[in-house]
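Examining the three-dimensional arrangement
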Protein chains: 2
Amino acid sequence: MMLVIALSASPAHAEDGYDLWLRYRPLRTEQAAVFQHHASQLVIGSATPTQTVTRQELLRGLGGLLSQTPTLSDTVTRDGAILVGTPTSSPLIQHLQLDTQGLGNEGYLIRSVVVEGHPVTVIVGNSDVGALHGAFQFLRLVQTGQPIDHLDLHDAPRLKLRVLDHWDYLNGQVERGYAGASIWDWWKLPDWRDPRYTDYARANASIGINGTVVNNVNAGAEILTSRYLQKVAALADVFRPYGIRVYISARFSAPIEIGGLKTADPLDPQVQRWWRAKADEIYKLIPDFGGFLVKANSEGQPGPQDYGRTHADGANTLADAVAPHGGVVMWRTFVYSPTNEDRAKQAYDEFKPLDGHFRANVLLQTKNGPVDFQPREPFSPLFGAMPKTPMMMELEITKEYLGFATHLVYLGPLFEEVLSSDTMTHGKGSTVARVIDGSLDGHTLTGMAGVANIGTDRNWSGSDFNQANWYVFGRLAWNPTLSSRAIAEEWVRMTFTNNEAFVKPVVDMMMGSREAAVDYMTPLGLHHLMGPGHHYGPAPWDASEARADWRPVYYHRADRDGIGFDRTRTGSDAVDQYAPPVAAPFNDVKQTPEQLLLWFHHVPWNYRMRSGQTLWYELVAHYTQGVDDVKKMRETWRQMDGYIDPERYQQVAAFLAIQEKEAQWWRDACIAYFQSISGLPLPPGFAPPQHSLQYYESLKFDNVPGYSAW
Amino acid sequence: MMLVIALSASPAHAEDGYDLWLRYRPLRTEQAAVFQHHASQLVIGSATPTQTVTRQELLRGLGGLLSQTPTLSDTVTRDGAILVGTPTSSPLIQHLQLDTQGLGNEGYLIRSVVVEGHPVTVIVGNSDVGALHGAFQFLRLVQTGQPIDHLDLHDAPRLKLRVLDHWDYLNGQVERGYAGASIWDWWKLPDWRDPRYTDYARANASIGINGTVVNNVNAGAEILTSRYLQKVAALADVFRPYGIRVYISARFSAPIEIGGLKTADPLDPQVQRWWRAKADEIYKLIPDFGGFLVKANSEGQPGPQDYGRTHADGANTLADAVAPHGGVVMWRTFVYSPTNEDRAKQAYDEFKPLDGHFRANVLLQTKNGPVDFQPREPFSPLFGAMPKTPMMMELEITKEYLGFATHLVYLGPLFEEVLSSDTMTHGKGSTVARVIDGSLDGHTLTGMAGVANIGTDRNWSGSDFNQANWYVFGRLAWNPTLSSRAIAEEWVRMTFTNNEAFVKPVVDMMMGSREAAVDYMTPLGLHHLMGPGHHYGPAPWDASEARADWRPVYYHRADRDGIGFDRTRTGSDAVDQYAPPVAAPFNDVKQTPEQLLLWFHHVPWNYRMRSGQTLWYELVAHYTQGVDDVKKMRETWRQMDGYIDPERYQQVAAFLAIQEKEAQWWRDACIAYFQSISGLPLPPGFAPPQHSLQYYESLKFDNVPGYSAW
């Protein structure tokens, strides 16, 4: 087997990132030797598809990592055997009388025990999928060089739905995708099932992701036609053994477009019948279909308000259709209309009054911040504000606002920042994490969604380091209290090497990368300064967008006197959407964390910051710091040369060069612009922008990746 | 080295088609042993980039095929050495006094000689690129298991320009592309040079392709801006060592769109100055830039006729701009306007009168047939009709009209059929091949262009067998007199295996595949029966296209009495665009080859065919035969299971299943439709269509790959 692989390999295949973190390259001999004692034989069933793929993964992983494949056996006959299964599937495991309470249906335990007189590692779940998750965890321990001789691990997911949202169109385009085209080959489905679908499922299962929404929230009705449902069903068949369910983004007006009805009014009996019939049709093809994701009455999408109904009316009609089959509806709260009202307030204003009006199988899917996936936002005030409703968080893994494919920005700290934010709705410790894991308000239907950064690029995510953002999303969806640093280290070891001389500096570089991006793009609470439509590069001056709330000037409000969006009680009063103990400091310019200063306050240019310097000075200093940080990242990476394969080393190096160029551009363009408003001289010691403001304003871009206007 | 590769390999990389025909997998031990005696050491310089890549390719190829890498040496010290270079680069070679006359700049000789008392194989060119071509030929001999102990090969390309035309848009879309998105990552160029560009160059150089037009003939002016020229220059840098030049499709109105001029009139001095300046700018960045490809006054593209000028005026203005730098202009003759005139006649009518009016560095690029890349067309009457003008042939490698990615259709026989067609313009033997290789009318500027079937799909061409169409194009461009069967066998051995039990049946299957497609799509001279716009599937009834000459009914002209397009003297008289000895038989229904019958004649349904059966019978018989042939292909492939890797075996099998389904659809839909016109009963013994005509007419398709309406 390995021989065949060896011979069939060619340099063209050397390290192109395709393997992601499931790299399974041989460990150092002495390290492998240690593990081999605990991987002498494999006792695992193959009675179900999930058992079969679990067995395949362990053989592949251990065979690769230890350069020695454990022998398969029906029973334990050697020291160092690995026993995998469930109490019901394996008499040996049943006999161990292990306490599998609290593992639920997807959790696992891994323990060093003695079976038939032999020291054995057991990997146990209450279901095959739980055991599969345990197998991936065991492989992760080996891959990252953890001791495995005295194991006693219990783990189970904190969230029920851990879902990737693909913003993929049926024509192959991916909105905000920077990793090539859609990996779904809709045209050849269902007849051809690309082996890549299986590797996609392996990668997701390895980090506990258990759902995928296969099409864009800006959905066409076409995917609900029987022709496309056949294709979705083929994907579901591939994903099922890995414990992954498929979901569909549903177009609210589908009853009109493909149902031939005159209306999509959610309270119209015909419409309700249509959705029920459609759900029945889907579940006949896909018995474990997950449910619908819906973007309604947002950015031009149809919705219940077109018929004078509420979001609850709309969500409930779809919820009733899938409820008999155990399906759910993930209803997005990302709504705003062109009013004079602060856009950041609208989702709360629309949804808060509806708390308690949704069916039990509806989750409200809310972005981490009140605006739109900016490099830094405060947490959305909806978290904690709707105790009677399951709140699901939507994070953006694809870097729409964080440098596309070529900026190295590890999103772990961004995700961790919002999850650890304290809503104070039930007093101290009412973190966003506890809102979405249901513990705060006693919900069992919980979830987290990530907008995927996956495409046909060989490395899946457009860059090697973007793979870490897919990885950290999955790990945090499994357990929102994990540390983003620990996850980064795990990922680096699995993806590159266990060499400490590489791991430490690279993890440090990753951990600092998000703050660097905030600094060179939107420091001190600034937001939405990017180019129009395509969101590429800086354009704080831009007024080309039709809608005021799509224009940077709407958000930074810079004028002769100062800069920032007054969201205090003297302004839009967005602060009072938060619990009082949170609203109070946000309302007070002195108590507001400076990293959110200009989000909540309009502040004079000469405002004194805690450093004693003026706001203007700090603004320039932060922009400059961001560029310097990227220069340091490049220097760090230069020192990593030789620790990993040249292919990935060189691509990362090339991308960091692009990042430095663009960070400089962001810094210079923003300083040039804000200086033209403030009229202030550049603080001493800072280099002036490399070009004139006119130059930066003159830059226009076509064919920007991920921008839907193809 | 091999070890590293072996270890870095993972099953995910097993046989995904990426390596194309440069597979270099180990030969059978006994076979390898024989070759090892003739590959003991490698004597080759590395003073130039081309010498370096030649050395790399030989080490990689021989190392892979023989599982033993020849040692590098500065001089011959062993029996079985391989000596590579040019008389000027290598004193050893100069000393051999070989006759390199007739090798030109790109040809090579490979000969078994004695050097310093050792039997040696020399691979020699007059230039480094010639030696590179020789090295690839040598590898091909080893890969296909030919004897190499007494070699005496001379070879040189018959055509000067051997070019791939990429119909790629700058947004990543590929018009009529069925292999994913464009392989050009314009967004990251010039900063990031995808290693795939190098593998693209290796594949092309290995079959002698020496040029690539990087953008669609439906061109935007944007690629001529300095921002994009920098990107094109980066590609040129990657391709240069492989002897491949880049070309650009130029938009005729670019002087207006990016030049700020009020006109693009080719006789306007300002316009001429603009093109000269643009050419100078390009050659400063790309000293070996090949030149421009132009689609003008065709299908809505701008052109000289917009200003009352001729195609010659337009071509000459661009030609004068690139002439000082040694560039050429490839001007397409694919033109037709919505007139009542037979579309098949228009290119000839427009261009024939211009013979002799073009600059010396202009080639007219003409499609193989008079209409548009149909499964079968007669050769274009322009071949042989313009003796004073270099005629370049344009072939379509991507299967726009031949089943997209999933039909197995080897185009070699189609290409060979047109190349061996006799124009009779200078008497017998005035083949199309002799027109385009310049020998018939004494031209030295010659060429062949192929519309590429290349995309981001891992296997490059959308299917493994589509790679053969890229391969056969390159080999025929190098030598238009090669046999398509011999090329197919070469390709099968390199791409799959030398196992005779596989080679013979698979080559037979390939050779019959094009006639099968003709039979189930457009037998007996029928053409242009496909779906509107997207060109998917049968739609002989379709009248949805705006223009009459875009509608199938315009071409088949079926009515109660008969079917076919009368292009004889009683009809459109297209026949008289051919030389009299060709026109005469085409004008006579009895002498016209039946495979072109309905191209030239409108024939009664009960017309007696040579078989003695009626036309209606033969039509149904051919459609049925096409489906039966595909069934046989599937059966043949079933018997190939086990001879090759499961990955490629299974994909081919899955695609053949799709092909059978679609062949049946073509057959049934066309028979149902023509029967509704002829009103005749189905001949006895033939199965009726599986569905009603109404059913077939009701089928509509969205998101069809390769269709520009993204």
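A brief structural summary. Every value quoted in this text rests on a predicted model; they were computed, and no experiment measured them. (Residues numbered from 1 in each chain as written. Chains lettered and ligands numbered in written order. Predicted model: local features only at pLDDT ≥ 70, side-chain atom pairs only at ≥ 80, totals over all residues. Heavy atoms only, no water.)

Here we come to the overall build of chain A. Tallying secondary structure elements over chain A gives 22 helices and 16 strands in all. In terms of overall dimensions, chain A has a C-alpha envelope of 80 × 65 × 50 Å along the principal axes. For chain A, the share of sequence-separated contacts (at least 6 apart) that also reach a separation of at least 24 residues comes to 71%. Only carbon and sulfur atoms are counted for the fraction: they give 52% of the accessible area of chain A, which is about 23800 Å². (Helix = DSSP H or I, 4+ residues; strand = E, 2+ residues; numbered from the N terminus. Contact = heavy atoms within 4.5 Å. Areas by Shrake-Rupley, 256 points an atom, 1.4 Å probe, with all protein chains shown as cover.)

Bringing the pattern of salt bridges into the picture now. Residues and elements named next belong to chain A. Taken as a whole, this structure holds 82 salt bridges over all chains when the rule is applied. Here Glu 281 and Lys 278 are joined by a salt bridge, their closest N and O atoms 2.8 Å apart. Taken together, the positions of Glu 281 and Lys 278, both in helix 9 (residues 269-285) and three residues apart, correspond to about one turn of that helix. What makes Glu 281 partly exposed here is its relative accessible area of 26%. A single salt-bridge network, built from bridges that share partners, covers Glu 15, Asp 19, Arg 23, Arg 25, Asp 645 and Arg 648. (Salt bridge = Lys/Arg side-chain N within 4 Å of Asp/Glu carboxyl O. Buried < 20%, exposed > 50% of the residue type's maximum accessible area, 1.4 Å probe, protein only.)

One key point about sheets: their strands pair by backbone hydrogen bonds, in either a parallel or an antiparallel sense. Residues and elements named next belong to chain A. Taken together, eight strands build a closed barrel; the order of strands is 7-8-9-10-11-12-13-14 and the barrel is parallel. Averaged over all adjacent pairs, the angle separating strand axes in this sheet is 25°, with direction ignored. Both strand 8 (residues 211-213) and strand 9 (residues 245-249) contribute to a ladder of three bridges, which runs parallel. Bridging from a neighbouring strand, Gly 211 pairs with Arg 245 of strand 9. (Pairing = 2+ DSSP bridges. Axes fitted to C-alpha atoms, helices over the stretch in contact; angles between N-to-C directions.)

The subject of this paragraph is the packing of aromatic side chains. As enumerated under the stated definition, the model contains 91 aromatic pairs over all chains in all. Relative to Tyr 555 of chain A, the ring of Tyr 554 of chain A lies with its centre 4.7 Å away and its plane at 70°, an arrangement referred to as edge-to-face. With a relative accessible area of 1%, Tyr 555 of chain A lands in the buried category. For the ring pair Tyr 617 of chain B and Phe 686 of chain B, a centre distance of 5.3 Å and an interplane angle of 70° mean the geometry is edge-to-face. Residue Tyr 617 of chain B is found in helix 20 (residues 615-638), and its partner Phe 686 of chain B is found in the loop between helix 21 (646-678) and helix 22 (693-698); the two are separated by 69 residues along the sequence. Classification of Phe 686 of chain B as buried rests on a relative accessible area of 17%. (Phe/Tyr/Trp six-rings, centres within 6.5 Å; stacked < 30°, edge-to-face > 60°.)

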